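What the coordinates show
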Amino acid sequence: MTLISLLLVLALERSTHKTRYWQAEFYVDQYLQFLQNKNLISAQSNLASMAIAMMLPALVVGLLLYSLDAFLLEFIVNTAILMVCIGCPLLRESYRGYLQAASRGDTEATHLYAEQLGYPCDSNNSFGQCLVWINYRHYIAVSLWFIALGGAGAMFYVLTRAALGYLSRQQSALYPQWQKVMDAVDWIPARISSLGLLVVGHFSRALPVWLGHAFDLRGSARSLVTDVAEAAEYVEDDNVTCTEAPCTMVRLVKRNMMFLLVVVAVLTLGGVLR
C-alpha cells in the first residue's frame, strides 16, 4: 500500500491546489507556537528537549496506528499524513512566478522570485541546484522516510526540518548542533536520492562525484545532492530567458522521483514492501 499512497498523493498534489489545512506548515507553526507558549522550547533550549519535542508527535502517531492494527485505517491515515507533509505550494508558486517573469523578460521579478526560492544562498549553489535541494527536502526525503516508517516517518522528517528553520529564525546557539542532527537524519536519504540522480542522469560523469561524497561521514547532505545533480545533467547556457538551467534541473528531479516509484514498485512486487 506504500506504492498506492505515494502514487495517489503525488497525483493529487500536482493536480490540485492544497488549502492551508493540507499543508505541513500550518500544523507545524501551530505546534511550535504551542511549545513556545508553554515554554517547552525557546532559543535557549537544549538539544535533548528539542529532540523530544520533535520526535513526540511522530512517536505517538506511530504507536497509535500500531496498536489499532487496522489495515484500512492505517492506509487512510498514512496517506493523509503524506498528503500534508509532502510538497510546498508556496515554493511551487514562486517557481511558476519565476518562469512567467523570465518568459516576459522581467529581470527584477525573476530576482525577487529567485530570492523566495533561496537563491543566492550561503552554499554558493546555482539557482538550478537550489531547486534540486528544495525538491529533495520537500519531496524525495519525505517520501523516503514515509517508505521506511510510514506517516510517522514523514512527520518526523518534517518536524526535524521545521525545527532547523525555527532555530535559525531565533538565532539560537543550538542551531549548529541541530544542523548536525539534520545531517544525520538526511545521511541515508541523501545518498539514496543522489544515487537515483546519477542513474537517471549522466552516470559516468556523476559517479565519481557520488563516490567522492557518499562515504564522507562529515560531508553535508546538500553538497552531496546538489553536486551530483550538477554532474548528472548537462545544462546549456541560456542568457536570454534564464530558464534553461532551472528547467533542466527540474526535469532531472522529476525523473528521479519516477525512478524512486519504480524501485518502490519492484520492492512491492518482491514482497519487501507492502
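Residues numbered from 1 in each chain as written. Predicted model: local features only at pLDDT ≥ 70, side-chain atom pairs only at ≥ 80, totals over all residues. Heavy atoms only, no water.

1. Some points on the overall build of the protein
Selection rule: Strands here are runs of E lasting at least two residues and helices are runs of H or I lasting at least four, both read from the DSSP assignment and numbered beginning at the N terminus. Two things to know: the radius of gyration comes from C-alpha atoms, and the globule rule equals 2.2 Å times the number of residues to the power 0.38. Classification of residues uses two cut-offs on accessible area relative to the type maximum, computed with a 1.4 Å probe and protein chains only: under 20% is buried, over 50% is exposed, and between them is partly exposed. Any two residues having at least one pair of non-hydrogen atoms within 4.5 Å are treated as being in contact. In short, Shrake-Rupley with a 1.4 Å probe defines the accessible areas, and a residue's cover is counted only from the protein chains shown.
What the protein contains, in helices and strands, is 11 helices and zero strands. When its helices and strands are written in sequence order, the protein yields α-α-α-α-α-α-α-α-α-α-α. Scaling as 2.2 N^0.38, a compact globule of 274 residues should have a C-alpha radius of gyration of about 19 Å, and the protein matches this with 19 Å. Projected onto its principal axes, the C-alpha coordinates of the protein cover approximately 55 × 50 × 40 Å. When burial is assessed residue by residue, the protein has 46% of its 274 residues classed as buried. A separation threshold of at least 6 residues defines the contact pool for the protein, and within that pool the share at least 24 residues apart is 70%. When the accessible area of the protein is evaluated, it comes to approximately 14400 Å², of which 63% is carbon and sulfur surface.

2. Thoughts on the environment of Ile147
Here Ile147 lies in helix 7 (residues 127–169). Between the C-alpha atoms of Ile147 and Arg274, which are 127 residues apart in sequence, the distance is 9.7 Å.

3. Digging into the packing of aromatic side chains
For clarity, the threshold we go by: Ring geometry is summarised as follows: Phe, Tyr and Trp rings, the Trp one being its six-membered ring, pair when their centres sit within 6.5 Å, and such pairs are stacked at plane angles under 30 degrees, edge-to-face over 60 and tilted between the two. For a Lys NZ or an Arg CZ to count as sitting over a ring, it must be within 6 Å of the ring centre and within 35 degrees of the ring normal.
Following the criterion strictly, the structure yields seven aromatic pairs and no others. Between Trp210 and Phe215 the ring centres are 6.2 Å apart and the planes differ by 75 degrees, which places this aromatic pair in the edge-to-face class. Members of the aromatic cluster, connected to one another through ring pairs, are Tyr21, Phe26 and Tyr27. The lysine or arginine in question, Arg14, covers the ring of Tyr139, its NZ or CZ lying 5.4 Å from the ring centre.

4. Re the nonpolar core
Buried together is how nonpolar side chains tend to be arranged in soluble globular proteins. Rule in force here: Side-chain atoms within 4.5 Å link the members of a nonpolar core, which is a set of buried Ala, Val, Leu, Ile, Met, Phe, Trp, Tyr and Cys residues.
Core analysis: the largest hydrophobic core is formed by 67 residues, its most contacted members being Met50, Met54, Tyr136, Val142 and Tyr157. Once residues within four sequence positions are removed from consideration, Tyr136 is found in contact with Ala141, Tyr157, Asp186, Pro189, Ala190, Ser193 and Val225. Among the nonpolar cores identified, the runner-up in size contains 10 residues, and Cys88, Tyr95, Ile134 and Val250 belong to it.

5. Describing empty space enclosed by the protein
Cut-off, in case you're wondering: Within this scheme a cavity is a closed region of a 1 Å grid, computed over the protein atoms alone, that accommodates a 1.4 Å probe without allowing it to escape, whereas a pocket is open but has protein on both sides within 12 Å along at least five of seven lines; lining residues each have an atom within 4 Å of a point. Grid points are joined across faces, edges and corners, and a volume is the space filled by probe spheres set on the points. Note that Gly is not counted as nonpolar here; it falls among the polar residues with everything else outside the nonpolar set of Ala, Val, Leu, Ile, Met, Phe, Trp, Tyr, Cys and Pro and the charged set of Asp, Glu, Lys and Arg.
Counting across every chain of the model gives one cavity of 30 Å³ or more. Reported here for the largest cavity is a volume of approximately 30 Å³. Contributing to the lining of the largest cavity are Val132, Asn135, Tyr136, Ile140, Ser193, Leu197, Val225, Val253 and Asn256. Mapped by element, the contributors of at least two residues to the lining of the largest cavity are helix 7, helix 8 (175–200) and helix 11 (244–269). Counting residues per element, the lining of the largest cavity draws most heavily on helix 7, which supplies four residues. Residues belonging to the lining of the largest cavity are distributed by class as follows: six nonpolar, three polar and no charged.

6. Details of the pattern of salt bridges
Where charged atoms of side chains with opposite charge meet at close range, the side chains can pair. Test applied: Should a side-chain nitrogen of Lys or Arg be within 4 Å of a carboxyl oxygen of Asp or Glu, the pair is scored as a salt bridge.
Scanning all chains against the criterion turns up seven salt bridges. The partner of Arg96 in a salt bridge is Glu93, with the nearest N and O atoms 3.0 Å apart. Separated by three residues within a single helix, Arg96 and Glu93 lie in helix 5 (residues 89–103), roughly one turn from each other. The closest approach of N and O atoms between Glu233 and Arg255, which form a salt bridge, is 3.1 Å. Here the residue Glu233 occupies a position in the loop between helix 10 (221–232) and helix 11, and Arg255 occupies one in helix 11, the gap between them amounting to 22 residues.

7. Quick look at the layout of surface pockets
Counted as a void, the largest pocket has a volume near 1100 Å³. Lining the largest pocket are 33 residues; nearest its centre among them are Trp133, Arg137, Arg161, Leu164 and Gly165. When contributions to the lining of the largest pocket are tallied by element, the ones reaching two or more residues are helix 2 (24–37), helix 5, helix 7, helix 8 and helix 10. In terms of residues, the lining of the largest pocket owes the most to one element, helix 7, which gives 12 residues. The residue makeup of the lining of the largest pocket, split by class, is 16 nonpolar, nine polar and eight charged. In this structure, the second largest pocket spans a volume of roughly 670 Å³. As for the second largest pocket, its lining consists of 27 residues, of which Glu74, Asn78, Leu149, Gly150 and Arg274 are closest to the centre. Among the secondary structure elements, those contributing two or more residues to the lining of the second largest pocket are helix 1 (2–15), helix 3 (47–68), helix 4 (71–85) and helix 7. Of all the elements, helix 7 adds the most residues to the lining of the second largest pocket, at nine residues. Residues belonging to the lining of the second largest pocket are distributed by class as follows: 17 nonpolar, seven polar and three charged.

The values reported here are purely geometric and, on their own, carry no functional implication.
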